[in-house]
Amino acid sequence: MIACTEGCVRYIILRHPLFAHLLLGSRVQAADHRKVATACTNGLGILYNPYFFLQGKLTRGNIEFVIMHEVVHMFLGHPRRFPVLRRAYYQVYDERFGG
């Protein structure tokens, strides 16, 4: 699964310069599946639920889309504009990375 996610990130970086710019400065990491249903961002990194990707219903293109969808949230500044979501994300992010 990690290899697939890394492969998807590499593909996005090679094919989509805008997404590449944002992804290269971000962490894309697996999260606790009980805390993140699909994927989320705080504007600095992306957490994803590995079980959501593993359930077999998502193609590689679907996974790339989910990652790019989160990058668009970063680009549009949604984490800064919606503080309630930002607090929830940081709680999960801090637990995951010991922040």
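Numbers given to residues run from 1 along each chain, matching the order in which its sequence is written. The model is predicted, so local features are restricted to residues of pLDDT at least 70 and side-chain atom pairs to those at 80 or more, both for listing and for counting; the totals for chains, interfaces and linings are taken over all residues. Here the side-chain values reflect all heavy atoms present in the structure, with hydrogen atoms and water set aside.

Student: Mind showing me how you'd approach the overall build of the protein chain here?
Tutor: Each helix and strand in the protein chain was counted, giving 6 helices and 3 strands. For helices the rule is a DSSP run of H or I covering at least 4 residues; for strands it is a run of E covering at least 2, with both sets numbered from the N terminus onward. If you list the helices and strands of the protein chain from N to C, you get α-α-β-β-β-α-α-α-α. Burial classes follow relative accessibility: with a 1.4 Å probe on protein chains only, a residue under 20% of its type's maximum area counts as buried, one over 50% as exposed, and anything between as partly exposed. For the protein chain, buried positions account for 38% of its 99 residues. Taking contacts inside the protein chain between residues at least 6 apart in sequence as the whole, the part at least 24 apart equals 58%. Per-residue accessibility takes into account occlusion by the displayed protein chains alone, with areas from the Shrake-Rupley method and a 1.4 Å probe. Working note: accessible area of the protein chain is about 6,200 Å², and carbon and sulfur atoms make up 59% of it. Contacts are assigned to residue pairs that have any heavy atoms within 4.5 Å of one another.

Student: It is not clear to me how helix α4 (residues 60–75) should be interpreted in this structure. Could you clarify?
Tutor: Each α-helix turn comprises 3.6 residues. Residues three or four places apart therefore point the same way. A helix is expected to reach a length of 1.5 Å times the quantity of its residues less one. For α4, which comprises 16 residues, the first-to-last C-alpha distance of 22 Å matches the rise-based estimate of 22 Å (1.5 Å per residue) to within 8%. Taken together, the buried positions of α4 are Ile63, Glu64, Val66, Ile67, Met68, Glu70, Val71 and Met74. Positioned one or two residues after α4, glycine 77 has a phi angle of 75°, which is positive.

Student: I would appreciate a short explanation of the pattern of salt bridges in the present structure.
Tutor: Here the idea is simple: oppositely charged side chains can pair when their charged atoms come close. In what follows, salt bridge is the name for a side-chain nitrogen of Lys or Arg lying within 4 Å of a carboxyl oxygen of Asp or Glu. With the rule as written, the count across this model stands at 3 salt bridges. Here arginine 10 makes a salt bridge to glutamate 6, at a shortest N to O gap of 3.8 Å. Of this pair, arginine 10 and glutamate 6 both sit in helix α1 (residues 2–15), separated by 4 residues, roughly a single helical turn. We classify glutamate 6 as partly exposed; its relative accessible area is 43%.

Student: It is not clear to me how the sheet that holds strand β1 (residues 27–30) should be interpreted in this structure. Could you clarify?
Tutor: To summarise the sheet geometry, strands pair through backbone hydrogen bonds and adopt either a parallel or an antiparallel arrangement. Read from one edge to the other, the open sheet built from 3 strands follows the order β1-β3-β2, with strand pairing classed as mixed. Sheet topology places β1 and β2 (39–41) at the edges, where each strand pairs with a single neighbour. The mean angle between the axes of side-by-side strands here comes to 20°, regardless of whether they run parallel or antiparallel. Of the strand pairs in this sheet, β2 and strand β3 (residues 45–48) are connected by 3 bridges, and their pairing is antiparallel. Paired with alanine 39 across the strands is tyrosine 48, a residue of β3. Paired strands, as defined in this entry, are two strands with at least two bridges between them according to DSSP. Throughout, an axis means a line fitted to C-alpha atoms (over the contacting stretch in the case of helices), and angles, computed between N-to-C directions, take values from 0 to 180 degrees.

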